[in-house]
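A closer look at the structure
Letter by letter, the chains look like this.
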Amino acid sequence: MPRHVAVIMDGNGRWAQRRNLPRIEGHREGAESVRDIVRAARQVGLEALTLYAFSSQNWARPPDEVAALMDLLRDYLVSERDEILENEIRLRAIGDIERLPVHVLEPLHELMSASRPNGAMALTLALSYGGRESIAQAARQAAAKVAAGDLAEGQLDADTLGAHMPTAELPPLDLVVRTSGEQRMSNFLLWEAAYAEFYFTDVPWPEFRRQELYAALQDFSGRERRFGRTGGQIGPRAAAGDGRDG
Ligand code: FPP
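From a predicted model like this one, the values you see are computed outputs, not experimental measurements.

Regarding the overall build of the protein chain
Helix and strand content of the protein chain: 9 helices and 6 strands. In terms of overall size, the protein chain behaves like a compact globule, its C-alpha atoms giving a radius of gyration of 19 Å where 246 residues would be expected to give roughly 18 Å. Based on the C-alpha atoms only, the size of the protein chain along its principal axes is roughly 60 × 50 × 35 Å. Across the protein chain, the fraction of contacts at a sequence separation of at least 24, relative to all contacts at a separation of at least 6, is 75%. Taken together, the 29 basic and 36 acidic charged side chains of the protein chain have centroids lying 3 Å from each other.

And the structure:
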């Protein structure tokens, strides 16, 4: 089982257009997938689920689509509040959330704060998020420490920079799922995905419900993760610690 799964929820617009519906209807149905996948993730015992809900670049979409997405986010935060708290889920956000309109920011801050003590699963929404932007921000924070004399320049290695990433408190990212057929990162969790596995499916996000998540988890369970080592080093005998495979 992966500990931390992240999802690029793609294909809402195409799902709607294929049905001659406005794109926003795809986002609305996509929000239903979010509800189902969050419940299923909690039930199967994932420690962390991170969802790419709105990228830094999505601000450039038509204003009515942006406004509709913001309304869906608010509706989600309001309607799921009690269930999130009852299920011991901690809600987090990554990204430049101060750009969000106040009717999203207010329930977001409230639920992040109310759910802070919860430890069963971390649900992280990437909002106004960009992977490059988050690396730049971590670099700025580390550079400020160097400038202040609190960090030696020579100590600024990958682990130290990683500790400044907004995801630093989450388990390492194990699996990135992307729906709807495209096979690219789209500026999502670039740093965190260094050793993640990828699962691509043609299923559009509005149709990605719990059975699809189970299929992704099943696929992940068959992957051999080597983290730069050889297969022999991480095989069953090596894991049993008998040393024969180094
Ligand atoms: C990508 O599909 C999806 C988005 C940009 C938004 C994702 C938002 C939701 C699933 C709904 C609200 C979120 C929450 C957390 C309640 P696209 O529009 O790029 O699809 P396309 O590539 O087919 O045009």
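A look at the site of the ligand
The immediate surroundings of the ligand are formed by 16 residues, with Met-9, Asp-10, Arg-14, Arg-23 and Arg-61 found nearest. Within the backbone of Gly-13, a nitrogen or oxygen atom sits 3.1 Å from an oxygen atom of the ligand. Note that an oxygen atom of the ligand is positioned 2.7 Å from one of the side-chain N or O atoms of Arg-61. Protein burial of the ligand: of its 620 Å² of free accessible surface, 92% is covered by the chains. Of the pockets mapped on this structure, the ligand occupies the largest pocket. Breaking the shell around the ligand down by element, the ones donating at least two residues are helix H1 (12-18), helix H2 (23-44) and helix H3 (63-86).

With respect to the packing of H3 against helix H4 (residues 102-114)
Packed helices, taken two at a time, are described by the angle between their axes plus the distance between the axes. Two numbers describe how H3 lies on H4: the axes approach to 9 Å, and their chain directions differ by 20°. Regarding the angle of H3 to H4, the classification is roughly parallel. In this structure, H3 meets H4 at a crossing whose hand is left-handed. Here Met-70, Asp-71, Leu-73, Arg-74, Leu-77, Val-78, Arg-81, Ile-84 and Leu-85 of H3 come into contact with H4, specifically with His-103, Val-104, Glu-106, Pro-107, Leu-108, Glu-110, Leu-111 and Ala-114. Here the contact of H3 with H4 is built from residues that sort into 11 nonpolar, 1 polar and 5 charged.

What counts as what
- Residues numbered from 1 in each chain as written.
- Predicted model: local features only at pLDDT ≥ 70, side-chain atom pairs only at ≥ 80, totals over all residues.
- Heavy atoms only, no water.
- Helix = DSSP H or I, 4+ residues; strand = E, 2+ residues; numbered from the N terminus.
- Rg over C-alpha atoms; globule rule 2.2 N^0.38 Å.
- Contact = heavy atoms within 4.5 Å.
- Lys, Arg positive; Asp, Glu negative; His and termini not counted.
- Charge placed at Lys NZ, Arg CZ, Asp CG, Glu CD.
- Near = heavy atom within 4 Å.
- Polar contact = N/O pair within 3.5 Å; in protein donor to acceptor, adjacent residues only side chain to side chain.
- Areas by Shrake-Rupley, 256 points an atom, 1.4 Å probe, with all protein chains shown as cover.
- 1 Å grid on protein atoms, 1.4 Å probe; cavity = no way out; pocket = protein on both sides within 12 Å on 5 of 7 lines; lining within 4 Å.
- Sits in = over half its atoms within 2 Å of the grid points.
- Axes fitted to C-alpha atoms, helices over the stretch in contact; angles between N-to-C directions.
- Parallel < 35°, antiparallel > 145°, perpendicular 65-115°, else oblique.
- Left-handed = near helix turned anticlockwise from the far one by under 90°.
- Nonpolar A, V, L, I, M, F, W, Y, C, P; charged D, E, K, R; others polar.

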